[in-house]
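# A look at the structure
So you can see what is in the structure, the chains are spelled out below.
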Amino acid sequence: MFPVTPEQLAQARELDLLTYLRRHEPDELIPHGNGSYATRTHSSLKLSNGQWYWWSRGVGGVTALDYLVEVQGLSLPDAVRQILGAGHMPPAAPVPSERRGPQPFHLPPRHTDDRRVMAYLTGRGIDAEILRACIRNNQLYEDAAHHNCVFVGYDGDTPRYAALRGTYPRSAFMGEVAGSDKRFSFAVPVRAGPRRTLCVFESAIDALSYLTLLKQGGQNWRTANTLSLSGVYGPNRRGRDKMPRALGQYLERNPIRRIVLCLDNDDAGRMAAQSLQRLLTDYLVLDNPPQGVKDYNDLLLRRSSSRRVRAGRGCDSRCRS
């Protein structure tokens with residue numbers, strides 16, 4: 001078997017998927033506008049903003065190495081060999097057709113501890129007390145096989161959704177557990193009392209970053225309702241606005257009156273915020289993107305590095321019930 005040294009592995013991980021496909025398989029790329037692409041072989045595999053995600057299988061990442069292993073089915077040594085140009089590899093066994101019935105949802109087995117998850121998320125500035133509260137509530141844990149962060153969403157007391165985030169250095173893996181139901185995405189609700197205000201984020205990490213900013217600003221983070229949409233949606237191809245499934249489900253079950261949109265400060269996030277403001281005419285809707293950075297985790301890291309705890313705009317009492 002082709003040996004892989006740490007240096008070769010690190011070199012192979014430098015290559016992103018879009019660059020790899022442009023160089024070696026340009027016919028695979030189907031432009032979808034705004035710099036995004038699908039692949040010809042797998043229509044549900046999308047590339048956008050430097051990342052890729054295979055929606056029908058719930059796996060994704062950034063690097064060509066992850067793509068060759070997770071999608072093409074190559075072993076890690078063979079994938080490294082192909083990227084480094086040590087020879088063209090024979091095609092992997094055909095992937096079964098994507099036309100199949102819904103997969104059952106099962107949470108990944110839990111690791112004996114959550115040390116890597118805690119180290120990774122506190123390294124991104126998120127408060128340890130908030131993380132431990134999520135772990136106690138079985139909303140967050142470390143999976144046994146890959147040490148990913150598992151962010152769990154519930155239908156009542158029943159887990160129905162799980163987002164995954166890699167914890168290894170240099171890994172940008174993001175995905176969902178097969179069979180996840182996006183209507184029940186990751187949320188941190190208030191402990192008690194009416195839920196009148198809801199803060200909406202693109203990811204669980206951004207929601208937890210916001211709660212950390214609240215705490216750093218001297219506010220009670222437990223009084224905030226936060227919901228991750230697990231991605232955002234602009235208008236469809238016919239120009240019609242689309243309600244995210246997680247948000248629609250949450251609004252059906254809770255007497256929300258005010259919605260604070262804390263989506264990313266990029267083209268996709270701004271387009272989604274405009275779309276939601278057109279849809280949510282029965283609510284008081286506030287658009288509250290992070291100022292001067294892409295997302296709320298970037299805002300948290302910037303404020304942590306400057307040793308400022310006063311949240312200012314972007315971390316106020318808007319999300320408190």
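Criteria and cut-off values
All residue numbers here refer to positions counted from 1 along the written sequence of the relevant chain. Reporting in this predicted model follows two pLDDT cut-offs: at least 70 for local features of residues, and 80 or more for side-chain atom pairs to be given and counted; totals over whole chains, interfaces and linings ignore these cut-offs and use all residues. Hydrogens and waters are ignored; side-chain quantities use all the structure's heavy atoms. Helix and strand assignments come from DSSP, with helices taken as H or I runs of at least 4 residues and strands as E runs of at least 2, each series counted from the N terminus. The buried label goes to any residue with under 20% of its type's maximum accessible area, the exposed label to any with over 50%, and the partly exposed label to all in between, with areas taken from a 1.4 Å probe on protein chains only. Contacts: residue pairs with any heavy atoms within 4.5 Å of one another. For the accessible areas, the method is Shrake-Rupley and the probe is 1.4 Å, while residue cover comes only from the protein chains on display. A residue's pLDDT is simply how confident the predictor is in it, with values from 0 to 100. Pairing between strands is defined by DSSP: at least two bridges between them are needed.

### Points about the overall build of the protein
The helix and strand tally for the protein stands at 10 helices and 14 strands. Burial analysis of the protein (321 residues in total) assigns 46% to the buried set. Across the protein, contacts joining residues at least 24 apart in sequence account for 63% of those joining residues at least 6 apart. For the protein, the exposed area adds up to about 16200 Å²; of that, 50% sits on carbon and sulfur atoms.

### Some points on the confidence of the model for the protein
Here the protein averages 84 in pLDDT, while 84% of its residues score no lower than 70. With pLDDT under 50 throughout, residues 86-100 is counted as low confidence; its partners more than four residues away or in other chains account for 22 contacts. The low-confidence segment residues 308-312 (pLDDT under 50) makes 9 contacts with residues lying over four places distant or belonging to another chain.

### Regarding helix 4 (residues 76-83)
All buried positions along helix 4 are accounted for by Pro-77, Ala-79, Val-80, Gln-82 and Ile-83. For helix 4, the elements touching its buried residues are helix 1 (6-13), helix 2 (17-24) and helix 3 (64-70). Gly-85, located one to two residues past helix 4, shows a positive phi value of around 80 degrees.

### Some words on the pairing of strand 3 (residues 45-48)
Covered by surrounding structure in strand 3 are Leu-45 and Leu-47 only, the residues Lys-46 and Ser-48 on the alternate face being uncovered. When strand 2 (residues 36-39) meets strand 3, the two strands line up antiparallel, connected through 2 bridges. Residue pairing for strand 3: Tyr-37 is matched across the bridge by Leu-47. Linking strand 2 back to strand 3 in an antiparallel pair, the connection comprises 5 residues. Summarising the sheet, strand 3 and strand 4 (residues 51-54) pair through 4 bridges and their orientation is antiparallel. Bridged to Leu-47 within strand 4 is Trp-52. Counted between consecutive antiparallel strands, the loop separating strand 3 from strand 4 contains 2 residues, among which Asn-49 sits at a positive phi close to 55 degrees.

### Re the environment of Arg-253
Structurally, the position occupied by Arg-253 is in helix 8 (residues 245-253). Excluding anything up to four places from it in sequence, Arg-253 contacts Asp-155, Gly-156 and Phe-184.

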